[in-house]
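Coordinate analysis (summary)
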Amino acid sequence: MSHLPLPLYGFAAFFMIFWFGTWCVHLIAICYGKYKLHKKSCKLPTESSPLPGVSILKPLMGVDPNLQHNLETFFTMDYPLYELLFCVEDKHDPAIKLVEQLLDKYPLIDAQLFVGGSDVGVNPKINNIHPGYMAAKYDFLMISDSGIKMKNDTLLDMVQNMSEQHALVHQMPFTCDRDGFAATFEKVFFGTVQSRIYLSADALGINCHTGMSCLLRKAVIDQLGGLRAFGCYLAEDFFIAKRVTELGWKMRISNQPALQNSGLCDIGSFQARLIRWAKLRVAMVPTTILLEPLSECLVLGALAACSASLLFAWDPLVFYLVHILCWFLSDWLLLSIVQHGSMPFHKFEFVIGWFFRELSGPYLFLHALWNPAIRWRTRTFKLHWGGVAYELPLNNTPASESLIAPLQPAPTLLTATTAAAAAATTTTTTTSTTGAGAGTGPLPTAKHRLLVS
Ligand SMILES: CCCCCCCC/C=C\CCCCCCCC(=O)N[C@@H](CO[C@@H]1OC[C@@H](O)[C@H](O)[C@H]1O)[C@H](O)/C=C/CCCCCCCCCCCCC
Ligand SMILES: O=c1ccn([C@@H]2O[C@H](COP(=O)(O)OP(=O)(O)O)[C@@H](O)[C@H]2O)c(=O)[nH]1
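Residues numbered from 1 in each chain as written. Chains lettered and ligands numbered in written order. Predicted model: local features only at pLDDT ≥ 70, side-chain atom pairs only at ≥ 80, totals over all residues. Heavy atoms only, no water.

Notes on the environment of glutamine 171
Convention followed: Runs of H or I in DSSP of at least four residues are treated as helices and runs of E of at least two as strands, each being numbered from the N terminus. Burial classes: relative accessible area under 20% of the type maximum marks a residue as buried, over 50% as exposed, and values in between as partly exposed (1.4 Å probe, protein chains only). Any two residues whose heavy atoms approach within 4.5 Å at even a single point are treated as in contact. Two N or O atoms form a polar contact when they lie within 3.5 Å of each other; inside protein one atom must be a possible hydrogen donor and the other a possible acceptor, and for residues adjacent in sequence the pair counts only when both atoms belong to side chains.
Here glutamine 171 lies in the loop between strand E6 (166–170) and strand E7 (173–175). Here glutamine 171 falls in the buried class, since its relative accessible area comes to 1%. When residues no more than four places from it in sequence are discounted, the contact partners of glutamine 171 are Thr154, Met158, Tyr198, Thr210, Ser213, Ser254, Gln256, Pro257 and Ala258. Within the structure, glutamine 171 has its side chain in polar contact with the side chain of serine 213 (distance 2.6 Å). Within the structure, glutamine 171 has its side chain in polar contact with the backbone oxygen of proline 257 (distance 3.3 Å).

A few points about the confidence of the model for the chain
Fine structural detail should not be taken from predicted coordinates in areas where pLDDT scores are low. Counted only if it meets this: Per residue, pLDDT measures the predictor's confidence, with a range of 0 to 100.
For the chain, the average pLDDT comes to 88, and 86% of its residues sit at 70 or higher. Contacts of residues 397–448 to residues separated by more than four positions or lying in other chains number 96 contacts, the stretch itself having pLDDT below 50. Scoring of the predicted complex yields 0.88 for pTM and 0.93 for ipTM.

Side note on the packing of helix H6 (residues 181–204) against helix H13 (residues 347–370)
Defined as follows: Structural elements are reduced to axes, namely lines fitted to C-alpha atoms, with helices fitted over the stretch in contact, and the angle between N-to-C directions of any two is expressed from 0 to 180 degrees. The labels follow the angle: roughly parallel below 35 degrees, roughly antiparallel above 145, roughly perpendicular from 65 to 115, and oblique for the rest. Note on convention: the crossing is left-handed when the near helix lies turned anticlockwise from the far helix by less than a right angle, right-handed when the turn is clockwise. Basically, the charged four are Asp, Glu, Lys and Arg, the nonpolar ten are Ala, Val, Leu, Ile, Met, Phe, Trp, Tyr, Cys and Pro, and anything else, Gly included, counts as polar.
Their axes nearest at 9 Å, the elements H6 and H13 cross at an angle of 70 degrees. Of the possible angle classes, the one that applies to H6 and H13 is roughly perpendicular. In the packing of H6 onto H13, the handedness of the crossing is right-handed. Every residue of H13 that contacts H6 at Phe181, Thr184, Phe185, Val188, Phe189, Thr192 and Val193 is listed here: Glu349, Phe350, Ile352, Gly353, Trp354, Phe356, Arg357 and Ser360. Along the lines of polarity and charge, the residues of the contact of H6 with H13 split into 9 nonpolar, 4 polar and 2 charged.

Overview of the UniProt feature "transmembrane region" (unreviewed entry) in the chain
Where we set the bar: UniProt positions are given in the numbering used here, feature names are shortened, and annotations may be inferred rather than shown by experiment.
The UniProt record annotates "transmembrane region" (unreviewed entry) at residues 6–33, 289–312 and 318–338. Taken as a whole, residues 6–33 contains 100% helix and 0% strand, while its terminal C-alpha atoms sit 41 Å from one another. Regarding residues 318–338, the helix share stands at 100% and the strand share at 0%, and the terminal C-alpha atoms are separated by 30 Å.

Let's talk about the site of ligand 2
Keep this limit in mind: Think of it this way: one heavy atom of a residue within 4 Å of a molecule or strand is enough to make that residue near it.
Lining the immediate environment of ligand 2, one finds 14 residues, of which Pro59, Ser146, Arg273, Arg276 and Trp277 sit closest. Contact between ligand 2 and arginine 276: an oxygen atom at 2.6 Å from a side-chain N or O atom of the residue. Between ligand 2 and the protein, one listed contact pairs an oxygen atom with a side-chain N or O atom of tryptophan 277 at 2.8 Å. Every element with two or more residues in the shell around ligand 2 is listed here: strand E1 (54–60), helix H4 (124–135) and helix H9 (267–284). Its residues assigned to classes, the shell around ligand 2 comprises 6 nonpolar, 2 polar and 6 charged.

Details of the nonpolar core
Let me state the cut-off plainly: The definition of a nonpolar core used throughout is a set of buried Ala, Val, Leu, Ile, Met, Phe, Trp, Tyr and Cys residues joined through side-chain atoms within 4.5 Å.
Ranked by size, the top nonpolar core spans 83 residues in total, and within it Val54, Phe86 and Leu155 carry the most contacts. Not counting residues within four places of it along the chain, the set of residues in contact with phenylalanine 86 comprises Lys58, Leu60, Leu71, Phe75, Val99, Leu103, Ala111, Gln112, Leu113 and Phe114.

Digging into the sheet that holds strand E5 (residues 148–149)
Backbone hydrogen bonds hold the strands of a sheet together, and the pairing may be parallel or antiparallel. As a reminder of what qualifies: Any two strands with at least two DSSP-identified bridges between them are counted as paired.
Ordered by their spatial adjacency, 3 strands build an open sheet running E5-E10-E7, and the pairing between neighbours is mixed. Bordering the open sheet on either side are E5 and E7, each of which pairs with just one other strand. Bridge count between E7 and strand E10 (residues 258–260): 3 bridges; the pairing is parallel. Bridging from a neighbouring strand, threonine 175 pairs with glutamine 260 of E10.

Points about the site of ligand 1
Quick note on the threshold: All accessibility values rest on the Shrake-Rupley procedure with a 1.4 Å probe; residue burial counts only the protein chains present in the view.
Around ligand 1 sit 27 residues in total, of which Lys125, Asp145, Glu236, Asp237 and Arg281 are the nearest. A distance of 2.6 Å separates an oxygen atom of ligand 1 from a polar side-chain atom of lysine 125. Between ligand 1 and threonine 210, the relevant distance is 3.2 Å, taken from a nitrogen atom to a side-chain nitrogen or oxygen of the residue. For ligand 1, whose unbound accessible area comes to 1,100 Å², protein coverage reaches 91%. Counting residues per element, the ones that place at least two in the shell around ligand 1 are helix H1 (6–36), H6, helix H8 (236–246), H9 and helix H10 (288–294). For the shell around ligand 1, the per-class residue count stands at 13 nonpolar, 8 polar and 6 charged.

As structure tokens, then:
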């Protein structure tokens, strides 16, 4: 041992400490997940402190087989005061017709549709929801991506997590139970590697905000310059959380994880999504270039096994196998906590899904580093270090990114009335009710609820 160069011992000691730290992260995630998730809040509204109104922004782009069902869950929530602000950028998007049908089906729910988006920055999601944000009338703002499904009490849960010190409550991303291996893979990713980081980061007060379902204090966002102030970033979620906490406000996750329920679920698109997210993280938090690969089970296990062999003369193979087994069991435990019920797949499928995730993780990360161009739906972007984005011209889309299948509008769904209403660039305001279940009288037909900007 003594003839080996000294720096090698330094590296070995570093990897052993990192390995130990990672197991602490496992432990924190399991304990915090058990404590925090699926807990029913006992804080009930009183006459002196009624539940606040919430303006819900729904950015939509294209239609998938579950969209109608997912959107419908927003019309049937048990919450006394909210408005739904659906936002669609393209006037030919078939999502318009779907929203109109829902507006007709639920005339007592306070809901509007905004078509045309805005041009306040590079981020197409921000551009899409900005008209809805400008029209929002309540003190609380919820941003909820198109693939999110709500339980009856999800909004209540989020509002009850918003204390006097909090300005941001977000849902930890998770998935609905769906059939097929791609759905298993998604659940394994969100319920293991992602939950581990998300839960421990929230427990330790580290910004890990993913903005697919979040509740914000509108006054705080207004104070920060409005949503337009975040239009220059693609990862608006990360920067919203950063600025909000810099003002002294707190953020935290809600008790219910977010139920992603997109009707399009395939391995290729999901991997492309993970690659896109990794590119964002690398640009925003450059230390992830080192931290992410190092925190992968197979990579860290190999490094720790060599280090343990060097430092303590332990058998590296036995160390490696025990490390993988313990990691696997700990991931199963964490996934069970996040799922909070029976698993939609057999244990054997979990084994396959887990190994597939562990083997593909480092590869996807390298892929993200290799090609910095970011394809998001119909557009391609690049990021400056720090996270400021710029859009690339359409013909500059790299071929390697073509595995992404953007949600393409199906033009056949568009009716003549919708097209005519959308083509007329006049602005028509909707008749609004005062909250869920509190409306009066018949409302105009859906086509009059179209706001074209
Ligand atoms: C000793 C242990 C060290 C641990 C090292 C941690 C390594 C991290 C490993 C895995 C990463 C897990 C991923 C966490 C979830 C992030 C998901 C994500 O990338 N989301 C981004 C994109 O979201 C979409 O963006 C567009 C928007 O319009 C959509 O609505 C969004 O859904 C999002 O932008 C990123 C947010 C947070 C990034 C945080 C990066 C820091 C991670 C390091 C945290 C370390 C915690 C260590 C705990 C002890
Ligand atoms: O050009 C775009 C891309 C996305 N979105 C919306 O932004 C949200 C998140 O998009 P996506 O699911 O593609 O992002 P991810 O969760 O994969 O990061 C969804 O509600 C989309 O409808 C949008 O309005 N315009």
